[in-house]
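# Survey of secondary and tertiary structure
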2 protein chains.
Amino acid sequence: MTRVAIDGMGGDLAPAATAEGAIEAAREGIEVALVGDERRLVDEIERLGGAPDGLRVVHAPDVIEMGDHAAREAIRRKQSSTYVGVGLVRDGEADAFVSAGNTGATFVVALLELGRLPGVERPAIGAPIPFPNGLTLLIDAGANAECRASHLVQFAHLGSSYMRAARGVAEPRVGLLNIGEEGSKGSPLTIETHERLSESGLHFIGNIEGREMVENRADVVVTDGFTGNVVLKLGEGLMELLMGELRNAAERSWRGRLGGLLIRPAARRVRASLDYRAHGAAPLLGLGGCVFIAHGTSDAFAIANALRSAAADVERGTLAALRGAMEAARPGEE
Amino acid sequence: MTRVAIDGMGGDLAPAATAEGAIEAAREGIEVALVGDERRLVDEIERLGGAPDGLRVVHAPDVIEMGDHAAREAIRRKQSSTYVGVGLVRDGEADAFVSAGNTGATFVVALLELGRLPGVERPAIGAPIPFPNGLTLLIDAGANAECRASHLVQFAHLGSSYMRAARGVAEPRVGLLNIGEEGSKGSPLTIETHERLSESGLHFIGNIEGREMVENRADVVVTDGFTGNVVLKLGEGLMELLMGELRNAAERSWRGRLGGLLIRPAARRVRASLDYRAHGAAPLLGLGGCVFIAHGTSDAFAIANALRSAAADVERGTLAALRGAMEAARPGEE
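A brief report on the enclosed structure follows. These figures come from a predicted structure and were not determined experimentally. (Residues numbered from 1 in each chain as written. Chains lettered and ligands numbered in written order. Predicted model: local features only at pLDDT ≥ 70, side-chain atom pairs only at ≥ 80, totals over all residues. Heavy atoms only, no water.)

Turning next to the relation of the copies chain A and chain B. For the pair chain A and chain B, the superposition axis carries a translation of 0.0 Å, the fit reaches an RMSD of 0.0 Å, and the rotation angle comes to 180 degrees. Both chain copies can therefore be described as sitting about a two-fold axis. Residue G259 of chain A of chain A places its C-alpha closer to the rotation axis than any other residue of that unit, at 2.0 Å. In this assembly, 100% of the residues forming the interface of chain A have copies in chain B that are likewise at the interface, indicating an isologous arrangement. (Least-squares fit on C-alpha atoms with pLDDT ≥ 70 in both. Contact = heavy atoms within 4.5 Å.)

Right, here's the structure in full:
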C-alpha cells in the first residue's frame with residue numbers, strides 16, 4: 001500500500017482541512033501519516049468521527065509559521081511537522097510527503113534531507129496547470145529565483161521525464177517561455193537555453209510566448225523560478241478578478257442577475273476545470289524523494305486530491321523514472 | 001492644434017484600419033499625418049468618403065514587415081513608414097508618432113532618431129493596464145529583455161512622472177514586481193532594485209506579487225522587459241481563454257445558452273473595461289520625443305483611441321514633465 005505523509009499543520013486551513021483530507025484519502029486505501037501536534041490532530045480526527053484504518057498521527061511538536069524567513073527558520077526547527085514529515089520519507093517510512101505549508105521551508109528541508117538526483121544542480125517546482133486543451137507543466141514555478149542555462153536544461157529533462165512517467169505523455173513537447181518566436185530572441189539566459197535545448201535530445205519545440213502557453217502548445221514549459229512564480233500568481237489573480245467582475249457586472253440589472261443565475265453552473269465548471277488545486281499537488285522535481293506542494297489555501301477536498309496525486313505518482317514509479325532519465329541524460333553542467 | 005503622425009502601414013489591419021482611425025481622429029480636431037504608401041492610403045481614404053480637414057498623407061514607399069528581424073531591418077530602411085513617421089517628430093513636424101507595427105522596429109528607429117532624455121540609459125514601454133480598481137502602468141512591458149537595477153530605477157522615475165503628468169495621479173505609488181513580500185526576496189536584480197527604490201525619493205510601496213498587481217495596489221509596477229512582456233501576453237491569453245471557455249460551457253445546455261444570452265452585455269462590458277486597446281496606446285518612455293505603441297491587432301476604433309491618447313499626452317506636456325523629472329532626479333547610474 002502506498003504510504004503518504006502530510007504536514008498536518010501546513011496551510012491556511014490546517015489542521016481542520018488536513019485532517020479531513022487525510023481521512024478521506026485513508027478511506028480510499030492510501031496509508032496516510034498525518035504529521036503535527038498530536039493533541040490537535042487527534043482532536044480534529046475525533047471531531048470528524050475518528051480515524052479510519054490506514055490513518056495514523058505522527059507527533060511533531062513544532063510548527064514552521066508562514067512568512068519570508070520560514071526557509072531559514074526551517075533548517076533549525078527539527079521538531080517541526082515539516083522536518084518530521086520529510087524525515088519519514090528519508091527513513092523509508094513514507095513514500096511521499098505533501099505540504100500545504102510554506103513552500104520555501106518545505107523545499108529547503110527536503111533538499112537537505114533527501115538530496116538531489118544525479119545530474120541535478122537545482123531541484124524545481126513543477127506546477128501542473130490544467131488548461132482546457134490539456135495539462136501543461138510549468139517548471140520552475142518558484143523554487144529558484146535566479147537560474148543559469150544549465151539549470152533550465154535540467155528542468156526540461158525533469159519536466160519531460162515527469163510528464164512521461166507520471167502523466168503518460170509518450171513524447172512530451174518541451175517549450176521555453178520566451179518573448180519572441182525565434183531562438184535569437186529574449187534574454188541572454190533564454191538565448192543560451194534555447195541553443196542547449198536544441199541539442200538536448202528532448203522533443204524541444206522552441207519558444208512559447210505567454211499567449212501560447214494557455215493553448216497547451218507544449219506539455220512542459222521551462223522558465224526560471226522568478227518568471228514562473230510571477231506567471232502562476234498573476235494567473236490566479238486574473239482568474240479571480242475576471243470571475244468577480246463578471247459577477248458584479250451581472251448584478252447590475254435584472255437581466256444580468258437572471259443570466260448570472262442561469263449560467264452559474266457552467267461558470268463553476270469552467271472555474272473548477274482551470275483550478276489546479278483540483279488536479280493535485282505540484283511535485284518538487286530533482287530531489288532524492290517524492291515531495292509535493294499543495295496550495296496554501298487548500299481545503300479538505302484539495303488536500304485529499306493532493307494525497308491522491310502523490311500516491312498515484314508513487315505507484316507509477318515516477319521517482320525511479322526521473323532518476324533513470326537524469327542518469328542517462330546527464331544534462332551538461334557548465 | 002496637436003499634430004500626431006501615424007504609421008499607416010503598421011498593424012494587422014493596416015492600411016484600412018489606420019486610415020479609418022486617422023479619419024475619425026482628424027474629424028475630432030487632431031491634425032493627423034498618415035504615413036505610408038501614398039497610393040494605397042489615398043485609395044483607402046477615398047473608399048471611406050475622402051479626407052477631412054486636418055488629415056494629410058505623407059508618402060513613405062517602404063514598409064517594415066513584422067517578424068523577428070524587423071528591428072535590425074528597420075535601421076537600414078530609411079524610406080519606411082516607421083522611419084519617415086519618426087522623422088516627422090524629429091524634425092518638429094509632428095508632436096507624436098503612433099505605430100501598431102513592429103514594436104522592436106519602432107523602438108530602435110525612435111531611439112536612433114530621437115535620442116534619450118537625460119538620466120535615461122534605456123527607454124522602456126509603459127503599458128497602461130485598466131484594472132477595475134484603476135489604471136496600472138506596467139514598465140517595462142517588453143523593450144529591454146535584460147535589465148540592471150539602474151535601469152529599473154529609471155523606469156520607476158519615468159513611470160511615476162508619466163502617471164503624474166499624463167494621468168493626473170498626484171503621488172503615484174510605485175511597486176516592484178517580485179515573488180515575495182520582503183525586500184530580501186526575489187532575484188539579485190530585484191533585491192538590489194528594492195534597495196535603490198527605497199532611497200529613490202519616489203513613493204515606493206515595496207514588492208508587488210503577480211496576484212496583487214491585478215488589484216491596482218500600485219499605480220506603477222516596475223519590472224524588467226522580459227517579465228513585463230510575459231505578463232502582458234499571458235494576461236491577454238488568459239482573458240481570451242476564460243471568455244471562450246465560459247461561452248463554450250454556456251452553450252452546452254439550454255439553461256446555459258439562455259443565461260449566456262442574458263449576460264452577454266455584462267460580459268462585453270467587462271471585456272471592454274479590461275481591454276487596454278480601448279484605453280489608448282502604450283507610451284515609449286525615456287525617448288527625446290513622444291512615441292506610442294498601439295496593439296498589433298488594432299482596429300479603427302483602437303487606432304482612433306491611440307491617436308486621441310497620444311494627442312492628450314502631448315497637450316498635457318508629458319514630455320517636458322518627464323524631461324524635468326529626469327533632470328531633477330538623475331537616477332544613479334551604476
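Our focus in this paragraph is the pairing of strand β2 (residues 31–36) of chain A. All names here are of chain A. By the criterion of burial, β2 is predominantly enclosed, with five of the six residues buried. Here strand β1 (residues 3–7) pairs with β2 via five bridges, running parallel. By the bridge assignment for β2, I6 is matched with L34. Each parallel crossover has a hand, and for β1 linked through helix α1 (residues 16–27) to β2 it is right-handed. In terms of strand pairing, β2 meets strand β3 (residues 55–59) through five bridges, oriented parallel. Among the inter-strand pairings, V32 is bridged to a residue of β3, identified as L55. (Buried < 20%, exposed > 50% of the residue type's maximum accessible area, 1.4 Å probe, protein only. Helix = DSSP H or I, 4+ residues; strand = E, 2+ residues; numbered from the N terminus. Pairing = 2+ DSSP bridges. Right-handed = clockwise from strand over helix to strand, strands pointing away.)

Let us look at helix α2 (residues 38–47) of chain A. Residues and elements named next belong to chain A. Here α2 has its buried residues at L41, E44 and I45. One side of α2 holds all its buried residues, which, seen down the axis, span an arc of 100 degrees. Exposed side chains of α2 directed beyond 90 degrees from the buried face belong to R39, E46 and R47. Looking at the buried side of α2, the elements it contacts are α1, β2 and β3. Two residues or fewer after α2 comes G49, characterised by a positive phi angle close to 100 degrees. (Arc of directions from axis to C-beta.)

All names here are of chain A. Position of D140 among the secondary structure elements: in the loop between β6 (134–139) and α6 (149–167). One buried charge, D140, has no salt-bridge partner; the nearest side chain with opposite charge is R122, at 7.0 Å. In this structure the side chain of D140 is engaged in a polar contact, spanning 2.9 Å, whose partner is the backbone nitrogen of G142. Beyond its immediate chain neighbours, meaning those up to four positions away, D140 contacts A124, I125, F155, T223, D224, G225 and G228. (Lys, Arg positive; Asp, Glu negative; His and termini not counted. Salt bridge = Lys/Arg side-chain N within 4 Å of Asp/Glu carboxyl O. Polar contact = N/O pair within 3.5 Å; in protein donor to acceptor, adjacent residues only side chain to side chain.)

All names here are of chain A. Among the surface-exposed residues, W254, L258 and L261 lie close enough to one another that they form a single nonpolar patch of about 340 Å² accessible area. Turning to its location among the elements, L261 is positioned in helix α10 (residues 254–273). Residue L261 is classed as partly exposed on the basis of its relative accessible area of 46%. (Patch = residues over 30% accessible without salt bridge, like charges linked within 9 Å, V, L, I, M, F, W, Y side chains within 5 Å. Areas by Shrake-Rupley, 256 points an atom, 1.4 Å probe, with all protein chains shown as cover.)

For the rest of this paragraph, the subject is the sheet that holds strand β5 (residues 124–131) of chain A. All names here are of chain A. The mixed open sheet is built from 11 strands, whose spatial order is β3-β2-β1-β4-β11-β10-β5-β6-β9-β7-β8. The open sheet is flanked by β3 and β8 (204–208), the only strands paired with a single partner. The average undirected angle you get between the axes of adjacent strands in this sheet is 25 degrees. Across three bridges, β6 lies against strand β9 (residues 220–222) in parallel orientation. From the neighbouring strand, L138 faces β9, where its bridge partner is V221. Helix-sheet contacts for helix α5 (residues 103–114) involve β4 (96–99), β5, β10 (282–285) and β11 (290–293), and the interaxial angle to β11 is about 175 degrees. (Axes fitted to C-alpha atoms, helices over the stretch in contact; angles between N-to-C directions.)

Core analysis: the largest hydrophobic core is formed by 92 residues, its most contacted members being L138 and M213 of chain A together with L138 and M213 of chain B. Apart from the residues lying within four places of it in its own chain, the contact partners of M213 of chain A are I129, F131, T136, L138, L177, I208, V221 and V231 of chain A together with L234 of chain B. Of all hydrophobic cores here, the second largest spans 52 residues; its members include I6, A26, L55 and V98 of chain A. (Core = buried A, V, L, I, M, F, W, Y, C linked by side-chain atoms within 4.5 Å.)

Here we take up the pairing of β8 of chain A. All names here are of chain A. Among the five residues of β8, four are classified as buried, and the element is accordingly described as predominantly covered. Where strand β7 (residues 174–177) lies against β8, four bridges are found, and the strand directions are parallel. From the neighbouring strand, V174 faces β8, where its bridge partner is F204. As a crossover connection, the stretch from β7 through helix α7 (residues 188–198) into β8 is right-handed.

Once that is clear, we can look at the side chain of N207 of chain A. Residues and elements named next belong to chain A. For N207, the position within the fold is in strand β8. N207 gets classed as buried once you look at its relative accessible area, which sits at 9%. Here the side chain of N207 touches N178 through a polar contact of 3.3 Å, side chain to side chain. Not counting chain neighbours up to four residues away, the residues in contact with N207 comprise L176, N178, G180, E181, E182, G183, H194 and E212.

This brings us to helix α7 (residues 188–198) of chain B. The complete set of buried residues in α7 of chain B reads T190, T193, H194 and L197 of chain B. End-on, the buried residues of α7 of chain B take up no more than an arc of 105 degrees, which puts them together on one face. Against α9 (225–250) of chain A together with α6 (149–167), β7 (174–177) and β8 (204–208) of chain B lie the buried residues of α7 of chain B.

Residue and element names in this part refer to chain A. Applying the stated criterion to the full structure yields 36 salt bridges over all chains. R173 is the salt-bridge partner of D219, the closest N and O atoms lying 3.0 Å from each other. Of this pair, D219 sits in the loop between α8 (210–213) and β9 while R173 is found in the loop between α6 and β7, placing the two residues 46 residues apart along the sequence. A single network of salt bridges, built from pairs that share partners, joins D62, E73, R76 and R77.

Fair warning: the whole summary comes from geometry, so function is off the table for now.
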